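Each chain is listed here by its residues.
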Amino acid sequence: SVVAAQAEEEMAQSIVDIAVADGRFTTLVAAVQAAGLAETLSGEGQFTVFAPTDDAFAALPEGTVESLLEDPEGALRDILLYHVADGAVPAETVVTLDSATTLQGEDVSIAVVDGGVVLNDSANVVITDIMASNGIIHVIDSVLLPPSIVAAAAEEERGAPAARRPSVGLQQ
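Bear in mind that the values here come from a model prediction, so they are computed numbers and not experimental data.

A. Geometry of the pattern of salt bridges. Under the criterion given, the structure shown has two salt bridges. Arginine 24 serves as the salt-bridge partner of aspartate 22, at 2.7 Å between the closest nitrogen and oxygen. For aspartate 22, a relative accessible area of 30% translates into the label partly exposed. The exposure class assigned to arginine 24 is partly exposed, which follows from its relative accessible area of 37%. Among the ionic pairs, glutamate 73 bridges to arginine 77, the shortest N-O distance being 3.7 Å. One end of the pair, glutamate 73, and the other, arginine 77, are both in helix 7 (residues 72–81), four residues apart, so they sit about a helical turn from each other.

Written as structure tokens, this is what we have:
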């Protein structure tokens, strides 16, 4: 049937293909490409991506995205990998978890608040279960920051030398 063929064609799209086609993730796509992660997130494997919208990136302090793009293999890559978990985890499973280990290595906390999923007490999951050929996308309304980067930014603000992290002016 035509409907089945269309559904199959849509399923053949990778996480990156879907993000590009959607139009709400232009900053995320640009960052993924700059950090050299587009091939990974287009390739084999199953991933769960907590995808911040363009509005989520726009809400970061002024100059943050530009600063991150200057160091695409460092803090930017770490922040992006902090939005990805190994394996395809649908919303019905996400709501049963307290946390998930990201590809960056640190855990993101998961809580169900007023019937919605909240990550790290700050990011709301606003759309769930966008299926891709290589995983699942859950759309979030703010950018997640790994605890190690938040700690480095706090150290820097206190005047201590930052531990191996460039200044990105991140606030939590």
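B. Region of interest: the side chain of threonine 48. Looking at where threonine 48 falls in the secondary structure, it is placed in strand 1 (residues 47–52). Given the relative accessible area of 0%, threonine 48 is considered buried. Within the structure, the side chain of threonine 48 is placed 2.6 Å from the backbone oxygen of glycine 87, a separation counted as a polar contact. Among all residues touching threonine 48, those that are not within four sequence positions of it are His83, Val84, Ala85, Gly87, Ala88, Val89, Ile136 and His138.

C. Representation of the sheet that holds strand 4 (residues 107–113) in the model. With mixed pairing, the seven strands of this open sheet are ordered in space as 2-1-7-6-5-4-3. Strands with a single pairing partner mark the edges of an open sheet, and in this sheet they are strand 2 (84–86) and strand 3 (99–101). The sheet shows a mean angle of 30° between the axes of neighbouring strands, direction not considered. Pairing of strand 1 with strand 2, which is carried by three bridges, proceeds in the antiparallel orientation.

D. Expanded view of helix 2 (residues 15–22). Taken as a whole, helix 2 has its buried residues at Ile15, Val16, Ile18 and Ala19. In an axial view of helix 2, the angular spread of the buried residues amounts to 165°, which keeps them on one side of the axis. At its buried positions, helix 2 is contacted by helix 3 (26–34), helix 4 (38–42), strand 1, strand 6 (123–132) and strand 7 (135–140). Glycine 23, located one to two residues past helix 2, shows a positive phi value of around 95°.

E. Focus on the pairing of strand 4. Here strand 3 runs beside strand 4; their pairing, made up of three bridges, is antiparallel. Across the sheet, serine 99 pairs through a bridge with serine 109, a residue of strand 4. Here strand 3 folds back onto strand 4 in antiparallel fashion, the turn holding five residues, of which glycine 105 has a positive phi close to 115°. Summarising the sheet, strand 4 and strand 5 (residues 116–119) pair through four bridges and their orientation is antiparallel. When the bridges of strand 5 are listed, isoleucine 110 appears paired with leucine 119. Between strand 4 and the antiparallel strand that follows it, strand 5, lie two residues; aspartate 114 among them carries a positive phi value of about 50°.

F. Region of the structure containing unusual backbone geometry. Residues other than glycine seldom take positive phi values, yet aspartate 121 does so here, at roughly 55°. Mapped onto the secondary structure, aspartate 121 falls in the loop between strand 5 and strand 6.

Basis of the calculations
Residues numbered from 1 in each chain as written. Predicted model: local features only at pLDDT ≥ 70, side-chain atom pairs only at ≥ 80, totals over all residues. Heavy atoms only, no water. Salt bridge = Lys/Arg side-chain N within 4 Å of Asp/Glu carboxyl O. Buried < 20%, exposed > 50% of the residue type's maximum accessible area, 1.4 Å probe, protein only. Helix = DSSP H or I, 4+ residues; strand = E, 2+ residues; numbered from the N terminus. Polar contact = N/O pair within 3.5 Å; in protein donor to acceptor, adjacent residues only side chain to side chain. Contact = heavy atoms within 4.5 Å. Pairing = 2+ DSSP bridges. Axes fitted to C-alpha atoms, helices over the stretch in contact; angles between N-to-C directions. Arc of directions from axis to C-beta.

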